[in-house]
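Chain by chain, the residues:
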Amino acid sequence: MESLRILYKIGPGPSSSHTIGPMRASESFLSQYSKADSYAVELWGSLAATGKGHLTDYIIKKVFEDAGRSIDVEFKMDYVHPFHPNGMLFKAYQDGQEIGREQIFSIGGGNLAHEGESSTAEVSTYPYQNFAEIHQDAQEKGVELWQLAVEYEGQEILTFLRDNVWNVMKEAVHSGLAADEVLPGSLQLKRRAKKFFAKSQEQSGEVRELGELFAYGLAVSEENAAGSFIITAPTCGAAGLLPGLFYFLQKKHQFSDEEMAKALAVAGMFGIVIKKNASVSGAEAGCQAEIGSAASMAAAGATYLLKGTIAQQEYAAEIGMEHHLGLTCDPVDGLVQIPCIERNAVGARRAYDAAYYALFAEDGHRVSFDTVVATMWETGLNLRPEYRETSQGGLAKAFLRGS
Ligand code: SF4
């Protein structure tokens, strides 16, 4: 299983597979062929179908422009590579002759892979195959999940999670709450986080808290939609859910930043299981793989913060995923806005509920986290292509035809 440093990546929104992945692929190709005099890239499958709205061409051109180069971007709408729906073919030229090409896939969460590989990173930081093995190891050692992260990634992982992840997440909440301009793109969607927060402050008790929780989730998701820097948790499209709930819990219970770093490690242990045994890519497995995964991670981390056992953390993560099974990826006009932003805010509440549900249940649970992950993956593979980040079905279709 991969490092938490790979799971939690900082990068530009609005999509880890459509912006962070292509950005990293561009940087890598450019460094291999730095002497070429011209470049071109073909975008395939979902990258072609929703790349415009997801700013894929913008970020690729920006990488080349920042290096004083230019690149032609071609959207090949009618081609989907059998290996993965997010394919790119980079080409480099010298004096009109092709001197190199690279086929590379953006497989979700900003990760890249060549055909047949699981990830170009190909690192295995943890020795586990599934969550059952993680749980067993923690039980035998008598430790919390975050302590396993320290065992395999060193004490510095907590510093990384506090300074490079949690701090960036908090900044995204703050900047999202302060902004009120219209989001970029054809929908001319107005931001809501600032207004939600202001309205929440007119309320008291549970309603006030509910408004605050929604506002925090909206704030980060709107920052993502605006192309600002956020943390993949586990993706850009689902980047608001976990920080929204964690920020709410830190404020409510005054948890230290060190404790939040441990909660991020706990959440991350569930995220890396999903990435190993299923997918966090909406183009591969629908929105259940993004928002469902984020809800699992957030619910588990929240349960840890609220003093739940590892069994309860697992139960919360299972609920977080189970109640998003079948959720399709259908971003309207290819933008990570409708339904994505709202799904993050509502998902933060669902994850909070999942944590408390698990805390109430002291008699264990029947469906394991590994089972729900396998179920999500099987469901995702059975989703028709219209429901996997192509903007050809679901809300993406119904909204534009005005029904
Ligand atoms: S619908 Fe879900 S999976 Fe699809 S782009 Fe939006 S957040 Fe990502």
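Residues numbered from 1 in each chain as written. Predicted model: local features only at pLDDT ≥ 70, side-chain atom pairs only at ≥ 80, totals over all residues. Heavy atoms only, no water.

## Quick word on the site of the ligand
Formally: Here a residue counts as near a molecule or strand whenever at least one of its heavy atoms sits within 4 Å of it. Any residue with an atom within 4 Å of a point lines the site, the site being either a cavity, points on a 1 Å grid over the protein atoms alone where a 1.4 Å probe fits but cannot get out, or a pocket, an open set with protein on both sides within 12 Å along at least 5 of 7 lines. For a molecule to be placed in a cavity or pocket, more than half of its atoms must lie within 2 Å of the grid points of that cavity or pocket. Gly is placed with the polar residues, together with every amino acid not listed as nonpolar (Ala, Val, Leu, Ile, Met, Phe, Trp, Tyr, Cys and Pro) or charged (Asp, Glu, Lys and Arg).
Residues in contact with the ligand, as listed here, are Gly-237, Gly-282, Cys-287, Glu-290, Cys-329, Asp-330, Cys-340 and Arg-343. The cavity that encloses the ligand is the largest cavity. Counted by class, the shell around the ligand contains three nonpolar, two polar and three charged residues.

## Overview of the environment of Ala-345
For clarity, the threshold we go by: In this description a helix means any DSSP run of H or I spanning at least four residues, a strand means any run of E spanning at least two, and both kinds are numbered starting from the N terminus. Contacts: residue pairs with any heavy atoms within 4.5 Å of one another.
Locating Ala-345 in the fold gives a position in helix 15 (residues 340–360). A C-alpha to C-alpha distance of 6.1 Å links Ala-345 and Leu-241, two positions 104 residues apart in sequence. With residues near it in sequence (within four places) discarded, Ala-345 still touches Phe-214, Gly-217 and Leu-218.

## Description of the domain arrangement of the chain
For the record, the criterion: Residue ranges assigned to the domains are those given by an automatic or database domain assignment. Buried area adds together the accessible area that both of two parts lose upon being put together, with accessible area traced by a 1.4 Å probe. A pairing counts as a salt bridge when a side-chain nitrogen of Lys or Arg comes within 4 Å of a carboxyl oxygen of Asp or Glu.
Assigned domains of the chain: these are domain 1 (15–113) and domain 2 (131–400). With centres defined by C-alpha atoms, the gap from domain 1 to domain 2 works out at 28 Å. Each partner contributes residues to the interface: domain 1 has 17 residues there, and domain 2 has 19 residues. For the pair domain 1 and domain 2, the summed buried surface comes to about 1,300 Å²; carbon and sulfur atoms form 58% of the total. For the interface between domain 1 and domain 2, the tally reads zero salt bridges.

## Description of helix 6 (residues 145–153)
Convention followed: Relative accessibility under 20% of the residue-type maximum defines a buried residue, over 50% an exposed one, and the middle range a partly exposed one, all with a 1.4 Å probe and only protein chains included.
Among all positions of helix 6, only Leu-145, Trp-146, Leu-148, Ala-149, Val-150 and Glu-153 are buried. Its buried side turned inward, helix 6 meets helix 1 (4–7), helix 5 (131–141), helix 7 (156–178), helix 11 (257–277), helix 13 (291–305) and helix 14 (310–322). Of the residues trailing helix 6, Gly-154 is marked for its positive phi of about 85 degrees.

## Description of the packing of helix 10 (residues 241–253) against helix 13
To keep things clear, this is the line we draw: Interaxial angles span 0 to 180 degrees and are taken between N-to-C directions of axes, which are lines fitted to C-alpha atoms, for helices over the stretch in contact. Any angle between 65 and 115 degrees counts as roughly perpendicular, while under 35 counts as roughly parallel, over 145 as roughly antiparallel, and the rest as oblique. Note: crossing handedness is left-handed where the near helix turns anticlockwise from the far helix by less than a right angle, and right-handed where it turns clockwise.
At a minimum axis separation of 8 Å, helix 10 and helix 13 run at an interaxial angle of 20 degrees. Here helix 13 runs roughly parallel to helix 10, going by the angle between their axes. Helix 10 and helix 13 meet at a crossing whose hand is right-handed. Seen from helix 10, the contacting residues are Leu-241, Leu-242, Leu-245, Phe-246 and Leu-249; seen from helix 13, they are Ile-291, Ala-294, Ala-295, Met-297, Ala-298, Gly-301, Ala-302 and Leu-305. Split by residue class, the contact of helix 10 with helix 13 holds 12 nonpolar, one polar and no charged.

## Here we look at the UniProt feature "domain: Serine dehydratase-like alpha subunit" (unreviewed entry) in the chain
Just so we agree on the cut-off: UniProt positions are given in the numbering used here, feature names are shortened, and annotations may be inferred rather than shown by experiment.
The feature "domain: Serine dehydratase-like alpha subunit" (unreviewed entry), as annotated in UniProt, sits at residues 141–396 in this numbering. Secondary structure content for residues 141–396 is 65% helix and 1% strand, and the end C-alpha separation is 48 Å.

## Thoughts on the nonpolar core
Counted only if it meets this: Remark: nonpolar core denotes a set of buried residues (Ala, Val, Leu, Ile, Met, Phe, Trp, Tyr, Cys) joined through side-chain atoms within 4.5 Å.
Leu-4, Tyr-8, Leu-145, Leu-161, Leu-242 and Leu-245 are the most contacted members of the largest nonpolar core, which totals 97 residues. Top element by residues in this core is helix 11. It accounts for 12 residues. Judged by nonpolar contacts, the second largest core, of 20 residues, contains Phe-29, Tyr-39, Leu-47 and Ile-104.

## Overview of the pattern of salt bridges
Under the criterion given, the structure shown has 19 salt bridges. Salt-bridge contacts for Arg-162 lead to Glu-258; the nearest nitrogen and oxygen are separated by 2.9 Å. Linking Arg-162 in helix 7 with Glu-258 in helix 11, this pair joins segments that are 96 residues apart in sequence. Glu-258 gets classed as partly exposed once you look at its relative accessible area, which sits at 41%. As a salt-bridge pair, Glu-212 and Arg-208 come within 3.5 Å of each other at their nearest N and O atoms. Here the residue Glu-212 and the residue Arg-208 both occupy positions in helix 9 (residues 205–225), the gap between them amounting to four residues, near one helical turn.

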